[in-house]
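Okay, here's what each chain looks like letter by letter:
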Amino acid sequence: MSGLLFVVSAASGTGKTSLVKALLDRTSNLHVSVSHTTRPQRQGELDGVHYHFIPKEEFLTQIGQSGFIEYAEVFGNYYGTSQSKVQEQLQAGHDVLLEIDWQGASQVRKLFPESIQIFILPPSQFDLRQRLSNRGTDSVEVIEHRLSCAITDMQQYINFDYVIINDSFERAVTELEAVITANRLTLLQQAEQHRELISTLLMNSEQ
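Treat the numbers as computed from the prediction; the structure is a model and nothing was measured.

(A) The arrangement of the side chain of Thr-27 in detail. For Thr-27, the position within the fold is in the loop between helix H1 (16–26) and strand S2 (30–32). Aside from chain neighbours lying at most four places away, what touches Thr-27 is Glu-177, Ile-180 and Arg-184.

Right, dumping it as structure tokens:
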């Protein structure tokens, strides 16, 4: 049985990473794909846990070989999701979750049109501005620029299958979990997973 591929995207400051972490704590058989990156490994980071750290030349080679489902260059460093590793997990029957931006989600949509894509929105621009400025180290101009970029990103919500408003964190996690559960309970998934049980249930008792 093939696993399901979930994609979670959001604008910066929406709380996506915290929601995904809470989701993983309460959901079984859901694996977050570890991205590859060319940026230097930071103190405390573990290769294969936080990222797969690889040289830029190797990353570019993999791009040429269509080795990534999605990739992007951010401030001179490359980040990407390995196509082979995701497919291995899916073929093993594991559900996989990608926590990526909307550009990456768009790339995934082309290769995996059956992927289930979820977009997280904040409850208001005021709330988002507060989250973007909570570090207290950025200037007003920087915060406003980040907010403007976030608003542009949020316009992409129309391309996703599900939209969750992160107003109450607990409710948002519950709704995120509900999306996972609902897609695991579709006719196609249940018929494949419980083929023998269903066959037995439908067997004529006189046979």
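(B) Spotlight on the environment of Tyr-51. Turning to its location among the elements, Tyr-51 is positioned in the loop between strand S3 (36–37) and strand S4 (52–53). Classification of Tyr-51 as partly exposed rests on a relative accessible area of 22%. Along the backbone, Tyr-51 and Glu-177 are 126 residues apart, and their C-alpha atoms lie at a distance of 25 Å. In this view, Tyr-51 contacts Val-34, Ser-35, Thr-37, Arg-39, Glu-45, Leu-46 and Tyr-79; residues no more than four positions away in its chain are not counted.

(C) The arrangement of the sheet that holds strand S5 (residues 68–74) in detail. Read from one edge to the other, the open sheet built from 4 strands follows the order S4-S3-S6-S5, with strand pairing classed as mixed. Here the strands that pair on one side only, and so sit at the sheet edges, are S4 and S5. Packed on one face of the sheet, helix H3 (residues 83–91) meets S3, S4, S5 and strand S6 (77–82) and runs near 25° to S6.

(D) Spotlight on the nonpolar core. Residues Leu-5, Val-86, Leu-98 and Val-108 are the most contacted members of the largest nonpolar core, which totals 20 residues. Looking at this core, the element that brings in the most residues is helix H6 (residues 140–154), giving 3 residues. The contact partners of Leu-98, leaving out residues within four places of it in the chain, are Leu-5, Phe-6, Val-7, Val-8, Ser-33, Thr-81, Val-86 and Val-108. Counting residues in each nonpolar core, the second largest holds 19 residues, with Leu-30, Ile-118, Ala-172 and Val-173 among its members.

Scoring rules and cut-offs
Residues numbered from 1 in each chain as written. Predicted model: local features only at pLDDT ≥ 70, side-chain atom pairs only at ≥ 80, totals over all residues. Heavy atoms only, no water. Helix = DSSP H or I, 4+ residues; strand = E, 2+ residues; numbered from the N terminus. Contact = heavy atoms within 4.5 Å. Buried < 20%, exposed > 50% of the residue type's maximum accessible area, 1.4 Å probe, protein only. Pairing = 2+ DSSP bridges. Axes fitted to C-alpha atoms, helices over the stretch in contact; angles between N-to-C directions. Core = buried A, V, L, I, M, F, W, Y, C linked by side-chain atoms within 4.5 Å.

Shape descriptors only; they carry no functional weight alone.
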